[in-house]
Amino acid sequence: MTDRLARALAAVDEANAQDPDRSEGAPAALLYGQRMSAELARLCPDASEPLQIAARGQHIERWRMPRTSYPEGRDGYLAWRRAQAAFHAERVGAIMAQAGYGAEDCARVGRMLRKEGLKRDPEVQLLEDVICLVFLRWYFADFAAGRAQEQVLGIATKTARKMSAAGRARVREEFDLPPELAPAFGG
């Protein structure tokens, strides 16, 4: 690991350590970033430095812009997601610049965090696969609890649509999917 990568990741972790959500015993954003890095390292041990930083900073300081600060409904949700992506790109870009990365690398990470080129850019797609795998591995069960089966199937289907064929294959191989959810991932 290069010095500047170590500095950038440490700065992201320092920011995320301020997350007041300690529901899992540690700052939620810090855990999420560490889970993202671990999943990326598992899937792609030689990932580029920009991709490693994008994975770690994908939800940097997410708590600063709560979902409740946007209107209910799909339009409010999409506006919140766009605002989060723009904030994450700006915040991580500033951290990268301070760690010694040039404008091109900072802009590249910004595009990844804004999901520009999804389905066309291999690194953006790999980041999305990692996001989906982390969601399924660590957050889906709690998210699905108490929701109607149709809603859970809809969420699984939307998640699968964002993934590459290789990502969906990993889900089929690595997860014990309930029969009603398996078709969403091609099972």
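Residues numbered from 1 in each chain as written. Predicted model: local features only at pLDDT ≥ 70, side-chain atom pairs only at ≥ 80, totals over all residues. Heavy atoms only, no water.

A. Examining helix α6 (residues 122–144) more closely. The largest bend in α6 comes to about 55 degrees, at Trp138. With a side-chain oxygen positioned 2.9 Å from the backbone nitrogen of Glu123, the residue opening α6 is Asp121. Immediately beyond the C-terminal end of α6, within one or two residues, lies Gly146, with a positive phi of roughly 80 degrees. (Bend = angle between axes of the 7 residues up to and from the residue. Helix = DSSP H or I, 4+ residues; strand = E, 2+ residues; numbered from the N terminus. Polar contact = N/O pair within 3.5 Å; in protein donor to acceptor, adjacent residues only side chain to side chain.)

B. Quick look at the packing of aromatic side chains. Counted under the stated rule, the structure contains four aromatic pairs. Seen from their ring centres, Tyr32 and Tyr139 are 5.9 Å apart, and the 50 degrees between their planes marks the pair as tilted. Of this pair, Tyr32 sits in helix α2 (residues 28–43) while Tyr139 sits in helix α6, placing them 107 residues apart in sequence. A ring pair is formed by Phe135 and Phe143, whose centres lie 5.8 Å apart and whose planes are at 75 degrees; its orientation type is edge-to-face. Judged by its relative accessible area of 32%, Phe143 is partly exposed. Through a chain of ring-to-ring contacts, three or more aromatic side chains come together here, namely Phe135, Phe140 and Phe143. If you follow Arg147 out to its NZ or CZ, it ends over the ring of Phe143, 3.9 Å from the centre. (Phe/Tyr/Trp six-rings, centres within 6.5 Å; stacked < 30°, edge-to-face > 60°. Buried < 20%, exposed > 50% of the residue type's maximum accessible area, 1.4 Å probe, protein only. Lys NZ or Arg CZ within 6 Å of the ring centre and 35° of its normal.)

Honestly, that's just the spatial picture; any functional story needs more than this.
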